[in-house]
Amino acid sequence: MSKRMLALACALALLLTACNESARPQPSEGAAEIWFAVGTGEDGGPLADGGGAVAPEYRALPDEADPVEERMAALLSGPQSAELRSPFPSGVRLRSWRLEEGVLRLDLSEAYGGLSGVDLTIADYCIVLTLCQVEGVEAVDITVEGETVPYRGRKLMREGDVVLSGGEGEPVAITASLYFLRRSGGLASESREVLVTENDTLATAVMGALMAGPRDQEELYLPLPEGTELLSAAVEAGVCYVNFSRAFTEGAPQSREEAARLLYAVVDTLCSLDQVEAVHLLVEGESLDRYGGVPTRNPLEKNYEMAGEEKPAAASGS
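Owing to the predicted nature of the structure, the values given are computational and were not obtained by experimental measurement.

A. How the structure looks around the sheet that holds strand β14 (residues 278-283). Spatially, 4 strands are ordered β12-β13-β14-β15 in an open sheet, and the strand pairing comes out mixed. Only two strands of the sheet have a single partner each, and these edge strands are β12 (230-236) and β15 (286-287). In terms of strand pairing, β14 meets β15 through 2 bridges, oriented antiparallel. Directly across from Val283, in β15, lies its bridge partner Glu286. Contacts from helix α4 (residues 202-211) reach β12 and β13 (239-244), with the element oriented near 135° to β12. Most of the contacts of helix α6 (residues 256-271) go to β14, to which it runs at about 130°, and overall it touches β13 and β14.

B. Structural context of the side chain of Asp107. In this structure, Asp107 sits in strand β5 (residues 103-108). With relative accessibility at 7%, the residue Asp107 sits in the buried group. Among the polar contacts listed, one links the side chain of Asp107 to the side chain of Arg95, at a separation of 2.2 Å. Among the polar contacts made by the side chain of Asp107, one reaches the side chain of Thr143 at a distance of 2.8 Å.

C. Summary view of helix α2 (residues 67-77). Every buried residue of α2 is accounted for by Val68, Arg71, Met72, Ala74 and Leu75. Buried residues of α2 fall within an arc of 160° about the axis and therefore sit on the same side. Where α2 begins, one side-chain oxygen reaches toward the backbone nitrogen of Val68, 3.0 Å away; that side chain belongs to Asp66.

D. Local environment of the pairing of strand β2 (residues 54-60). Here β2 lies mainly inside the structure; 5 of its 7 residues are buried. Bridging between strand β1 (residues 31-38) and β2 involves 7 bridges; their strand directions are antiparallel. Each bridged residue has a counterpart across the sheet, and for Phe36 the counterpart in β2 is Ala55.

E. Expanded view of the environment of Glu138. Summarising the element assignment, Glu138 is placed in the loop between α3 (117-131) and β6 (139-144). Distance in space between the C-alpha atoms of Glu138 and Val128 is 9.5 Å, their sequence separation being 10 residues. Dropping the residues within four chain positions of it, Glu138 is found in contact with Gly102, Cys132 and Arg158.

F. Here's a closer look at unusual backbone geometry. With a phi angle near 50°, Glu101 is a residue other than glycine that sits in the positive phi range. Mapped onto the fold, Glu101 is located in the loop between β4 (94-100) and β5. The exposure class of Glu101 is exposed, given its relative accessible area of 82%. You will see that Ala237, though not glycine, has its phi angle at about 50°, which is positive. By the secondary structure assignment, Ala237 is in the loop between β12 and β13.

G. Looking closely at the state of the cysteines. This model, assessed by the stated rule, comprises 0 disulfides. There is no disulfide at Cys240, and the cysteine sulfur nearest it, in Cys271, is 8.4 Å away.

H. Representation of the packing of aromatic side chains. Under the counting rule described, the total for this entry stands at 3 aromatic pairs. Note on Phe244 and Phe248: the rings are 4.2 Å apart at their centroids and 15° apart in plane angle, and the pair reads as stacked. Between Phe248 and Tyr291 the ring centres are 4.6 Å apart and the planes differ by 10°, which places this aromatic pair in the stacked class. With Phe248 in helix α5 (residues 247-250) and Tyr291 in strand β16 (residues 290-291), this pair connects stretches of sequence that are 43 residues apart. Accessibility expressed as a relative area gives 0% for Phe248, which makes it buried. Given the relative accessible area of 3%, Tyr291 is considered buried. In this structure an aromatic cluster arises from ring pairing among Phe244, Phe248 and Tyr291.

I. Representation of the sheet that holds strand β3 (residues 84-85) in the model. Strand order in the open sheet formed by 3 strands is β2-β1-β3, with antiparallel pairing between adjacent strands. Because the sheet does not close on itself, it has two edges, and the strands there are β2 and β3. Relative to β3, β1 is paired through 2 bridges, and the arrangement is antiparallel. In the sheet register, Ala37 faces β3, and the bridge partner there is Arg85. Packed onto the sheet, α2 meets β1 and β2 and runs at close to 35° relative to β1.

Thresholds, definitions, all that
- Residues numbered from 1 in each chain as written.
- Predicted model: local features only at pLDDT ≥ 70, side-chain atom pairs only at ≥ 80, totals over all residues.
- Heavy atoms only, no water.
- Pairing = 2+ DSSP bridges.
- Helix = DSSP H or I, 4+ residues; strand = E, 2+ residues; numbered from the N terminus.
- Contact = heavy atoms within 4.5 Å.
- Axes fitted to C-alpha atoms, helices over the stretch in contact; angles between N-to-C directions.
- Buried < 20%, exposed > 50% of the residue type's maximum accessible area, 1.4 Å probe, protein only.
- Polar contact = N/O pair within 3.5 Å; in protein donor to acceptor, adjacent residues only side chain to side chain.
- Arc of directions from axis to C-beta.
- Disulfide = S-S within 2.5 Å.
- Phe/Tyr/Trp six-rings, centres within 6.5 Å; stacked < 30°, edge-to-face > 60°.

Have a look at this one:
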């Protein structure tokens, strides 16, 4: 990602605004808004008017029907418009739901757990925007087979949390290289689109995508200790300070080689960002002396050898 594109993305991220009722197309009387992802044309631009990442279709639902189940059925059946697309992978179904003190708790089938990054965010938003219209629903909590979706930025999602719009209504998506442990040794990268919202720094958004794990789980993995949370990640003068919860060290891999590879999966991922030259590891705000046998008191630079990549030649002076 070029520095020019990075600057543009960061500028757009500052312009992100929550969707509001006045900005939406108004439905006909009695129709329900069912939200879907906007399809893209051959030029990569949005097919639907407005340039946004999601847009509603209006459906007439039976008055006597259960409002939650009917809306979810309409959502999972897919859009009728050719300009829209379903944000869900095949096989997603509603397993159960209950409404408790304004919080709608949905449990979805295993297929939903295959979503991550931008795809997960858009799917979540389509559900939230569709179901927050139901009387009494103030927030939505989504689980998969009874389990919380790992590393989602927030557990409860409200209509006002939707921040897919930039200055022109476009989502701010950045392509990043995420490094994972290769089962045969070393590290390997996956290219991933990462959505940056007004609540994120670029570093926290990229770390969230990394902590969600690889798509190719047969060849790649990330042995992140159970309970590890990202407390913060910020860049200052070329150094990214990434701050984990205590679980990151308490549950560190027993193998020194695997612990070192986990450490450099984080370092190499963040060093793939143009403005990051090195990474300083913190736990609960404190520096560590070592992690997995690797000295970590000082900032670490990318490990090209572990990633199987050639280190760029140093630029010569003129």
